[in-house]
Number of protein chains: 2
Amino acid sequence: MSEYHAPLRDMQFVLNELEHLNQVSTLPGCEEIGADLAAAILDEADKYASGVLSPLNISGDLQGARWSDGAVSTPTGWKHAYAQFVASGWNALSCTPEFGGQGLPRLISALVEEMWNGANVAFGLCPMLTRGAIEAIELRGSDYLKETYLPKMVSGEWTGSMNLTEPQAGSDLAAVRSRAEPQGDGSYRVYGQKIFITYGEHDLTDNIVHLVLARVPGAPDGVKGISLFVVPKFLVNPDGCLGARNDVRCVSIEHKLGIHASPTAVLAFGDKEGAHGWLVGEENRGLEYMFIMMNAARFSVGIEGIGIAERAYQRALAYARDRVQGSELGAKSRNKVAIIRHPDVRRMLLSMKSRTEAMRALACAVATAMDIAQRHTDDSQRQHSQAFVDLMIPVVKGWSTESAIDIASLGVQIHGGMGFIEETGAAQHLRDARITTIYEGTTGIQAADLIGRKIARDQGQAARHVMAQMRTVEDSLLRRNDASLAPIARALGQGIKALEQAISYIVAHYDTQVHQVSAGSVPFLELFGLVAGGWQLARAALVAQQQLGAGNTEVAFYQAKLQTARFYAEHLLVRAEGLAQTLTQGGGAVLAMDDEHF
Amino acid sequence: MSEYHAPLRDMQFVLNELEHLNQVSTLPGCEEIGADLAAAILDEADKYASGVLSPLNISGDLQGARWSDGAVSTPTGWKHAYAQFVASGWNALSCTPEFGGQGLPRLISALVEEMWNGANVAFGLCPMLTRGAIEAIELRGSDYLKETYLPKMVSGEWTGSMNLTEPQAGSDLAAVRSRAEPQGDGSYRVYGQKIFITYGEHDLTDNIVHLVLARVPGAPDGVKGISLFVVPKFLVNPDGCLGARNDVRCVSIEHKLGIHASPTAVLAFGDKEGAHGWLVGEENRGLEYMFIMMNAARFSVGIEGIGIAERAYQRALAYARDRVQGSELGAKSRNKVAIIRHPDVRRMLLSMKSRTEAMRALACAVATAMDIAQRHTDDSQRQHSQAFVDLMIPVVKGWSTESAIDIASLGVQIHGGMGFIEETGAAQHLRDARITTIYEGTTGIQAADLIGRKIARDQGQAARHVMAQMRTVEDSLLRRNDASLAPIARALGQGIKALEQAISYIVAHYDTQVHQVSAGSVPFLELFGLVAGGWQLARAALVAQQQLGAGNTEVAFYQAKLQTARFYAEHLLVRAEGLAQTLTQGGGAVLAMDDEHF
């Protein structure tokens, strides 16, 4: 059973040759982040991911998290692995130095995060949630909250959890009912039940810092009456030591399709005297703060998709090279060959590989923009980058996760009958991937965000700016006048045209025909991801063609880049026109049927 | 938790209004099979499927089949359910009357089979395998084998199993190593290990009749040296009573992603004195016989896909009607609505519904042709129908199962977070569906069969005949000159055109560029299924438009048919052109990369 290994060469390519790192290195606070330091960090992260996390992935799935009498035990080896994670400083990687973080740019931490998720997504979720909680406290918490919680959360000694969902309130947070009563001393007592709380209870750390959405007395109905609270598992004494157990209890954990080792808790707040909670920011602005975190978390879930896709590809590739079955198609010899020789197996592998590389490059483009938006000295640069980030987050989240499911499923298929046997490990990737299109906002929610807030609201301005960048790449492809680039240019051009039509349609009709447009929102998100991925692979092809022309001796790598981009163009980008048609013509068919006639 | 209910209205529609039953009723031996008898059978089958099999589906998945010391126990309730199955005569439904069967046409039994698989696919596999074994013995077995085994197998008192796969021989049966040594008395001793044997061991019946591929001494290498043997679990005495235990042992069963209640056995033949076996037909012709069974089994696996898709749809629809979340898009009221009101949920439901209905109609068209091919008095009618059956079996198998995975996955998505929780039941359908594209020949194997044996070999003749039928339907749509049919006609026309281009490409290039063509074989299979499904839904739309025009009062049903066909046209058929492009242009990209550069 092969272990995960980080795709370091491709990561280096994206960082250095797709010219992301040089944009980040010039930003304030990032001056020391050159190619060598980045490479050293990625190497170290790979050692931890492949050496510590990957070997726990299958055993963690088999054993799962276990609940007993309110306590949750993680699988064998997880406490030790998490202790190493904290000791090595991985949790602090992208946190601000003010509370002990290393302040590395998102571009680097995104790639490191991909490794955690590639090696062991059920483990990777824990620091992902902690990071979200850190961000909320950092951005809107009082000095008391920051000083009390952030140092231990940044180091990873305490973890965080995000408590949004209630049985009646999944995607619709307006329906949140948990309540918080002020105690007159600045603190609150929190009451209510939360479900689907990832790492809401576990044995990895001494304390867990829950961030909880609840309503204060007299709060307005709906989303404008939700406030955000810090509710620690153990209260923290003024000296920083842990005090009494708070009134929050893990009632049970879920029996899930995948991510078995990640405990998904039902938490009861305030069954006895009320759970002590502290307001983050102002009352009734909880949703706004949550959205800040959620955008970061949505990007991270996109990264989960990429990590799982990469892992599924590596496993399938190893199997396809190893498994000898059938003879070469059309050959006279009856000699058996490895199944990678069979055209359909190659097709599946390339479909996995090309999309994974496209998703990685796109996510890194967005991470780069996050760094610019956060750190650039120029206002307009920051705003411009933030607009790109806001536009692309639902695309990265929705498209990378939907693709990850399909890629993991292809991984099963390449294994044939062995793929269906759990011991092989291929099926786990499909089971694990299946949650990523659901949590932190389903694909439908991402698509609604994309067409409404991100495209219709600014009349497609941010989107058209991206289209212009895509057109520039198409022009470069055409100008090179090279046979290896021609099919890529053609398919990218068709994809861009389809995407432009779709965007114009949304801008023209969203206000007056919101149902009609929404009916095609997910096909549109797929279209956007598809074309954006093609744009990134086309950029990669330009670099590769140039390197080969300049006599770079790493011929295999650059040829593979060209071939991968061409495959993507001819097997995936060709879907663009159909998706655009579905959006622009298919809305009526979705709406026509009466509910009771389904 | 809702139970499965057979989609009786749609089944009636396919039987009677798509005019399949009237083709079958005129065949010899089917004269009594009118609409009333068919309806009565389907009603009874629904009672058993919904009342007996469906309640065992989730508990069977949770409990799973269990192995202990060579014996396998099925989950609680399965023995009783199987006894009822036998007592009610369900096993004998489509078997020949000569050995106790009821001789019903395949058209009827296909729909009944869909019900077993919709209610409980892990259960449905058992009679499916028995039927395959019956067919092999019926077609090529000696009188001794027929008389000894068929009466009990037809009744269902004994089950059958198919033993093809060995660890080194999955898709590639040429690699089979099991051997059979003649004993001089007409019997053989069989030695070897077989894996992935569905219901290879269980406690439902007193005996199991294994059909086993093995090589006799001196047999040629490869597929031309494989023979087929009957190897019963217990020997049968001349008086028909069970005798000694044969030397076949269940070494273990697999831990699988899905179909947990269906035991997947590793069987060791001949570890001691050799397993007693009896040759079926002639030596070295086993593969040929297996292919007869396999074609039937492939069709049945396609039906499994349809059954699971229907079940996943029913569950998702019930949830979408029940789950209240969010308010109506664009409405001023904040009143919460059932999620079926949300356009993207409707889109997913329609994607599930439209494909399931298309797959059912297509499978019934093929089942009808099977009946004609078997029973028609006219030679050329039989041959013509058989050519259609041969062409369409890989399409029904490959397309219905690939679609079933996607449909089951959409079912999970509609449930949101609840879909990922196993208790909900939605995830089980995805896990169960995931095997259907693998066993009885992977999708890649189906696609290779389709482009090679079924299209290139006859220069596309059978395929072009189907295209002509599709064109007739397109013409009818256009001639009606009705706005509700126009988008369906347009999309079908585009789909047919794309399919025609693809077929011409295959015919022109298969012999000289087999790798290139094979690289697009699975996209081509998807294209064929897509367009064939569109053809069937277009036929349904013609009927519906006519009924509505004639004032039929079942307005809701016929309007839904029209709307479903339109959705399929605008959301699914629009993919046809991209798939054709992938086949005709994308082969080079699949082949270009060196194996080691992946």
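Residues numbered from 1 in each chain as written. Chains lettered and ligands numbered in written order. Predicted model: local features only at pLDDT ≥ 70, side-chain atom pairs only at ≥ 80, totals over all residues. Heavy atoms only, no water.

## A look at the overall build of chain A
A tally of regular secondary structure across chain A gives 19 helices and 14 strands. For a compact globule of 598 residues, the expected C-alpha radius of gyration is about 25 Å, and chain A comes in at 24 Å, within 12% of that figure. Split into buried and exposed, the 598 residues of chain A put 66% on the buried side. Across chain A, every contact between residues at least 6 apart in sequence was considered, and the portion connecting residues at least 24 apart equals 74%. (Helix = DSSP H or I, 4+ residues; strand = E, 2+ residues; numbered from the N terminus. Rg over C-alpha atoms; globule rule 2.2 N^0.38 Å. Buried < 20%, exposed > 50% of the residue type's maximum accessible area, 1.4 Å probe, protein only. Contact = heavy atoms within 4.5 Å.)

## Considering the UniProt feature "domain: Acetyl-CoA dehydrogenase-like C-terminal" (unreviewed entry) in chain A
According to UniProt, the "domain: Acetyl-CoA dehydrogenase-like C-terminal" (unreviewed entry) feature falls on residues 468-594 of chain A. Secondary structure over residues 468-594 of chain A splits into 81% helix and 0% strand, and the C-alpha atoms at its two ends are 41 Å apart. (UniProt positions renumbered as here; feature names shortened; annotations may be inferred.)

## Points about unusual backbone geometry
Located in the positive-phi region is Gln459(A), a residue other than glycine, with phi close to 60°. You can see Gln459(A) is positioned in the loop between α12 (443-456) and α13 (461-480). A relative accessible area of 43% means that Gln459(A) is categorised as partly exposed. Positive phi outside glycine occurs at Glu19(B), with the angle close to 60°. Mapped onto the fold, Glu19(B) is located in the loop between α1 (8-17) and α2 (21-24). Residue classification places Glu19(B) among the partly exposed positions, given a relative accessible area of 46%.

## A closer look at the packing of aromatic side chains
Within the structure shown, the criterion is met by 30 aromatic pairs over all chains. A ring pair is formed by Phe85(A) and Trp116(A), whose centres lie 5.6 Å apart and whose planes are at 75°; its orientation type is edge-to-face. Taken as a pair, Phe85(A) in helix α5 (residues 78-87) and Trp116(A) in helix α6 (residues 106-140) lie far apart in primary sequence, 31 residues in all. Among the aromatic residues, ring-to-ring pairing joins Tyr48(A), Trp78(A), Tyr82(A), Phe85(A), Trp90(A), Trp116(A) and Phe123(A) into one connected group. Geometry around Phe557(A) places Arg9(A) over its ring, the cationic atom sitting 4.0 Å from the centre. One cation-aromatic arrangement involves Arg245(B) over Phe234(B); the distance from NZ or CZ to the ring centre is 5.5 Å. (Phe/Tyr/Trp six-rings, centres within 6.5 Å; stacked < 30°, edge-to-face > 60°. Lys NZ or Arg CZ within 6 Å of the ring centre and 35° of its normal.)

## Topic: the relation of the copies chain B and chain A
Each copy of the sequence occupies a distinct position, and chain B is placed on chain A by a rotation of 180° and an axial shift of 0.0 Å, giving an RMSD of 0.0 Å. Such a combination of turn and shift is consistent with a two-fold rotation axis. Taking C-alpha positions as reference, the residue of chain B nearest the rotation axis is Arg575(B), located at 3.2 Å. Of the residues that chain B buries at the interface, 100% are likewise interface residues in chain A, meaning the two copies contact each other through the same surface. (Least-squares fit on C-alpha atoms with pLDDT ≥ 70 in both.)

## Things to note about the interface of chain B and chain A
Facing 92 residues of chain B, the contacting portion of chain A comprises 92 residues. If you look at where chain B meets chain A, you find 6 salt bridges. One salt bridge connects Lys336(B) with Asp172(A), and the closest N-O pair in it is separated by 2.7 Å. Run the count over chain B and chain A and you get 44 residue pairs in polar contact (both at pLDDT 80 or more). With 8 residues, helix α17 (residues 555-571) of chain B is the single largest residue contributor to the side of chain B that touches chain A. (Salt bridge = Lys/Arg side-chain N within 4 Å of Asp/Glu carboxyl O. Polar contact = N/O pair within 3.5 Å; in protein donor to acceptor, adjacent residues only side chain to side chain.)

## Overview of the state of the cysteines
Residues and elements named next belong to chain B. Under the defined criterion, the tally for this structure stands at 0 disulfides over all chains. A disulfide-free cysteine, Cys250 has its sulfur positioned 14 Å from the sulfur of Cys126, the nearest such atom. The class for Cys250 is buried, based on a relative accessible area of 1%. (Disulfide = S-S within 2.5 Å.)

## Some remarks on the nonpolar core
If you look at the biggest cluster of nonpolar residues, it comprises 400 residues, and the most contacted ones within it are Phe524(A), Phe528(A), Phe524(B) and Phe528(B). The residues that make up this core include at least three from each of domain 1 (158-284) and domain 2 (443-590) of chain B. Excluding its chain neighbours within four sequence positions, the residues that come into contact with Phe524(A) are Leu450(A), Ile451(A), Ile455(A), Leu499(A), Ala502(A), Ile503(A), Ile506(A) and Leu583(A). (Core = buried A, V, L, I, M, F, W, Y, C linked by side-chain atoms within 4.5 Å. Domains from an automatic or database assignment.)

## Side note on the UniProt feature "domain: Acyl-CoA dehydrogenase/oxidase N-terminal" (unreviewed entry) in chain A
Taking the numbering used here, the UniProt-annotated feature "domain: Acyl-CoA dehydrogenase/oxidase N-terminal" (unreviewed entry) corresponds to residues 80-157 of chain A. As annotated, residues 80-157 of chain A has a helix share of 72% and a strand share of 0%, and its two end C-alpha atoms lie 13 Å apart.

## Focus: the side chain of Ser300(A)
Residues and elements named next belong to chain A. Mapped onto the fold, Ser300 is located in helix α8 (residues 286-322). Polar contacts involving the side chain of Ser300 include one to the side chain of Arg131, which spans 3.3 Å. Leave out the neighbours within four places in its chain, and Ser300 touches Arg106, Glu113, Met128 and Arg131.

## A word on the environment of Ile308(B)
Residue and element names in this part refer to chain B. As for its position among the elements, Ile308 is in helix α8 (residues 286-322). Given a relative accessible area of 2%, Ile308 falls into the buried group. Residues Ile308 and Thr436 lie 128 residues apart in sequence; the distance between their C-alpha atoms is 9.9 Å. With residues near it in sequence (within four places) discarded, Ile308 still touches Asn117, Gly118, Val121, His429, Asp432, Ala433 and Thr436.

## Brief notes about helix α16 (residues 521-549) of chain B
Between its terminal C-alpha atoms α16(B) stretches 42 Å, which fits the 42 Å expected from 29 residues at 1.5 Å a residue. For α16(B), the buried fraction is high: 23 of the 29 residues fall into the buried class. (Expected span 1.5 Å × (residues − 1).)

## Focus: the pairing of strand β12 (residues 275-280) of chain B
All names here are of chain B. β12 sits mainly inside the fold: 6 of its 6 residues count as buried. Neither face of β12 is open: one carries Ala275, Gly277 and Leu279, the other His276, Trp278 and Val280, and all of them are buried. Two strands pair when backbone bridges link them, and strand β5 (residues 187-198) and β12 are joined in this way by 4 bridges, in the antiparallel orientation. What sits directly across from Arg189, in β12, is His276. For strand β7 (residues 227-232) and β12, the ladder comprises 3 bridges, and the chain directions are antiparallel. From the neighbouring strand, Phe229 faces β12, where its bridge partner is Leu279. (Pairing = 2+ DSSP bridges.)

## Structural notes on the pattern of salt bridges
Any two side chains of opposite charge can pair, given that their charged atoms come close. Residues and elements named next belong to chain B. With the rule as written, the count across this model stands at 64 salt bridges over all chains. Where Asp61 meets Arg431, a salt bridge forms, and the shortest distance between an N and an O atom there is 2.7 Å. Linking Asp61 in helix α4 (residues 57-63) with Arg431 in helix α11 (residues 426-433), this pair joins segments that are 370 residues apart in sequence. A single burial state applies to Asp61 and to Arg431, both of which are buried.

## Some thoughts on the packing of helix α14 (residues 486-509) of chain B against helix α18 (residues 576-585) of chain B
Residue and element names in this part refer to chain B. Where α14 contacts α18, the axes come no closer than 8 Å and their chain directions differ by 10°. By the angle class used here, α14 and α18 are roughly parallel. For the pair formed by α14 and α18, the contact residues are Gly495, Ala498, Ala502, Tyr505 and Ile506 on the first element and Ala576, Glu577, Ala580, Leu583 and Thr584 on the second. (Axes fitted to C-alpha atoms, helices over the stretch in contact; angles between N-to-C directions. Parallel < 35°, antiparallel > 145°, perpendicular 65-115°, else oblique.)

## Observations concerning the environment of Pro127(B)
Residue and element names in this part refer to chain B. Structurally, Pro127 is set in helix α6 (residues 106-140). According to the relative accessible area criterion, Pro127 is buried, its value standing at 4%. Measuring from C-alpha to C-alpha, the distance between Pro127 and Phe85 comes to 9.5 Å, with 42 residues separating the pair along the chain. Beyond its immediate chain neighbours, meaning those up to four positions away, Pro127 contacts Phe85 and Asn91.

## Some words on the packing of helix α9 (residues 343-375) of chain A against helix α17 (residues 555-571) of chain A
All names here are of chain A. Relative to each other, α9 and α17 sit at 100°, their axes nearing to 9 Å. As summarised for this structure, α9 and α17 are arranged roughly perpendicular, according to the angle between their axes. Residue-level inspection shows Arg347, Leu350, Ser351, Lys353, Ser354, Arg355, Glu357 and Ala358 of α9 in contact with α17, the latter providing Lys561, Thr564, Phe567, Tyr568 and His571. Within the contact of α9 with α17, the residues separate by chemical class into 4 nonpolar, 4 polar and 5 charged. (Nonpolar A, V, L, I, M, F, W, Y, C, P; charged D, E, K, R; others polar.)

## Notes on the side chain of Thr442(B)
When you line up the elements, Thr442(B) lands in the loop between α11 and α12 (443-456). Residues in contact with Thr442(B), not counting those within four places in the same chain, are Gln413(A), Ser171(B) and Thr437(B).

## Regarding the pairing of strand β7 (residues 227-232) of chain A
Residues and elements named next belong to chain A. Across the 6 residues of β7, 6 count as buried, placing the element largely inside the fold. The alternating pattern of β7 places Ser227, Phe229 and Val231 and Leu228, Val230 and Pro232 on opposite faces, both of which are buried. Two strands pair when backbone bridges link them, and strand β6 (residues 207-214) and β7 are joined in this way by 6 bridges, in the antiparallel orientation. Bridge pairing links Val209 to Pro232 in β7.

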